[in-house]
Number of protein chains: 2
Amino acid sequence: MLKIYYTKDSGWGAPRIMPLQDLRLHPAAKVLHYSVELFEGMKAFRGVDDEIRLFRPNMNMARMNRTAARSALPTFNGEELVALLKKLVSVDQEWVPHTESSSLYIRPTMIGTEPTLGVVRPAEALLFVILSPVGPYFASGFKPVSLLADPRYVRAWPGGVGMMKMGSNYGPTLEIQRQAEQQGCQQVLWLFGPEHRITEVGAMNIMVFLVNDQGEKELVTPPLDGLILPGVTRDSLLTLARSWGEFRVTERDITMGEVEQASEEGRLIEMFGAGTAAVVTPVGEIHYQGRVIRVTKEGQKESLAQRFYNTITGIQYGKVKSDWAVSIDS
Amino acid sequence: MLKIYYTKDSGWGAPRIMPLQDLRLHPAAKVLHYSVELFEGMKAFRGVDDEIRLFRPNMNMARMNRTAARSALPTFNGEELVALLKKLVSVDQEWVPHTESSSLYIRPTMIGTEPTLGVVRPAEALLFVILSPVGPYFASGFKPVSLLADPRYVRAWPGGVGMMKMGSNYGPTLEIQRQAEQQGCQQVLWLFGPEHRITEVGAMNIMVFLVNDQGEKELVTPPLDGLILPGVTRDSLLTLARSWGEFRVTERDITMGEVEQASEEGRLIEMFGAGTAAVVTPVGEIHYQGRVIRVTKEGQKESLAQRFYNTITGIQYGKVKSDWAVSIDS
């Protein structure tokens, strides 16, 4: 693991790579009471050429610094942290799986460690990074998941922190995730507002591929209006789709009403989550106000989700050359 | 400190009172990533008769259990935890200050300790309680505080967790608190909605005492609509005021517009925060959209805030007999 301590008076200390070990925290550490904490999710991939690569790490660093500023935690030099991540992965390189189905998950984390109960910016913090090999995210593989869309629960709000990767955005979701599982669903589809705009799915961005009411094929994802996490995968898929130029690509509000109508009229082609863990996660059906909306059929070949998956993993595993893939030896 | 471990398979373990010590947490403990954490704030008071008392502890236990259920953390037997708190304070009784200006702060805390990164309910948790003697909460004493009311930042929303004492409600507020201090204010007044309803002040409930537009004296506090923490002090002051029967007591929405108009027309008598830390905290002025709204004048005698303070502390320090004060020897 990598550890870097911060104090208000001395700034960031020397980074240290050391064996994974328990953290010792004073019971009054602010992270344990006031959620003074943030994280990122990244991966290292062993390519077909045995080279180990990160995927667009600077985007994670930029988001981590924005989140730090909003979380009353210290900001840092993102390029230096990428250099440290490369070194850490290099030290642990035998933990990067020798297969294209798996990767090494990288979890940069920052916590406020000052041991005082005042509800104010901490004077002490710890940035640490842990690693773990991971297989495909969903146990069911590329099988479409079912979502619970319950408008009684709201993940984020204008004037809130929905666009930040703060721990605070996740704690309140665990109980709703449990309710989804109790109802036979795998994930929560988060809605917003009286018109039930769709915002995110579980901890992923959501994308809808449909034939719109002008008869055009359109890939829709909600805009970065402060309610949505600016996902690295989201940005990558939008960039790819725009470069292909084969269908409309729009960041705009989309409601459950529009999704349901498109489904009823046979115009809903696909829906999928987009995130680092799974790249894309096809949505099979949505449980919404007592109804079940059918979305992606199982075993669909030549799907957009599959094409995105193949393109992104092609870059990640060194089969397609791209600036997005960054060797840990670079 | 008091520690009680929980596992999904074995339930709650045996409680242990032990010297204060650092906690050892795996770096993947869910509390450090997903804010799986909650707390309560209570106090022990040394009465004029040298008896040590808690204040309405069962209300804290009920709220802590409601918060635990919403936080995907285990619930517990509140009466048993009160018995343990009494024992803990008894062991540390010489830390309960021998003065009516101070008390022993009690911080029950619960954290999800399971060392895995899945965004799901933790299978392991720790309930711990730490203690600290505290003086009057605000360095300026009973001097009115100035508030920053900035509608760009929203603390809680319908469908969210504003009524829960989860860490997640506090992390996002630290940066806004810092901005308030930079602008010369001591606390944040949280607004909600296009009409700028007032909701809470810092980590306290807010109360407004005014002459309403029917010419009646009225004590107003926002209703428990899910945006507001159900404070023990809030409930106590409402109960006292209703028992006095000297003025209207209402739980209703109140907007910045109504507060500003009452101030301009000389009908705004007092505003104050209500919470465990300070009992009441008079508001001197509110900085709102470039204007300064004057509220409570300094050195006001016979104020409602002072009367509430004297009544509540009279109960807490054993000068007034009340069921609300619970001896640790009972």
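So, how was this worked out
Each chain has its residues counted from 1, running along the sequence as written. Working convention: letters from A go to chains and numbers from 1 go to ligands, in the order in which they are written. Predicted model: local features are reported for residues with pLDDT of at least 70 only, side-chain atom pairs are reported and counted for 80 or more only, and whole-chain, interface and lining totals are derived from all residues. Think of the side-chain values as coming from all heavy atoms in the structure, minus any hydrogens and water. Each helix corresponds to a stretch of at least 4 residues labelled H or I by DSSP, and each strand to a stretch of at least 2 residues labelled E; elements are numbered beginning at the N terminus. For a compact globule the rule gives 2.2 Å times the number of residues to the power 0.38, and the radius of gyration it is set against comes from C-alpha atoms. In this description, accessible areas are obtained by the Shrake-Rupley approach with a 1.4 Å probe, and a residue is regarded as covered only by the protein chains that are shown. Counting rule for charge: Lys and Arg are taken as positive, Asp and Glu as negative, and neither His nor the chain ends is counted. Throughout, a charge is located at the NZ atom of Lys, the CZ atom of Arg, the CG atom of Asp or the CD atom of Glu. Source of the domain bounds: an automatic or database domain assignment. By definition, residues are in contact when any of their heavy atoms lie within 4.5 Å. By buried area we mean the combined loss of accessible area, with a 1.4 Å probe, across both parts when two parts are placed together. A side-chain nitrogen of Lys or Arg and a carboxyl oxygen of Asp or Glu constitute a salt bridge if their distance falls within 4 Å. Superposing the copies works by least squares over the C-alpha atoms of residues that have pLDDT at least 70 in both of them.

Observations concerning the overall build of chain A
Then, in step 1: Per the secondary structure count, chain A includes seven helices and 19 strands.
Then, in step 2: Here the C-alpha radius of gyration of chain A, 20 Å, is about what a compact globule of 330 residues would show, namely 20 Å.
Then, in step 3: Projected onto its principal axes, the C-alpha coordinates of chain A cover approximately 60 × 50 × 35 Å.
Then, in step 4: Entry remark: accessible area of chain A is about 13200 Å², with carbon and sulfur atoms responsible for 49%.
Then, in step 5: Once the 35 positive and 37 negative side-chain charges of chain A are each reduced to a mean point, those two points are 2 Å apart.

Section: the domain arrangement of chain A
All names here are of chain A.
Then, in step 1: Here the domain parsing of chain A yields domain 1 (2-135) and domain 2 (145-316).
Then, in step 2: When each unit is reduced to the centre of its C-alpha atoms, the spacing between domain 1 and domain 2 is 27 Å.
Then, in step 3: Residue-level contacts link 19 residues of domain 1 with 18 residues of domain 2.
Then, in step 4: Summing both partners gives a buried area of about 1800 Å² for domain 1 against domain 2, and 61% of it is carried by carbon and sulfur.
Then, in step 5: At the junction of domain 1 with domain 2, the criterion picks out one salt bridge.

With respect to the relation of the copies chain B and chain A
For these two chain copies, the linking operation is a rotation about an axis paired with a shift along it.
Then, in step 1: Rotating chain B by 180° and moving it 0.0 Å along the rotation axis overlays it on chain A with an RMSD of 0.0 Å. Taken together, the turn and the small shift mark the pair as related by a two-fold rotation axis. Across chain B, the rotation axis passes nearest the C-alpha of Ser168 of chain B, at a separation of 2.1 Å.
Then, in step 2: The residues that chain B uses at the interface reappear at the interface of chain A in 98% of cases, marking a shared surface.

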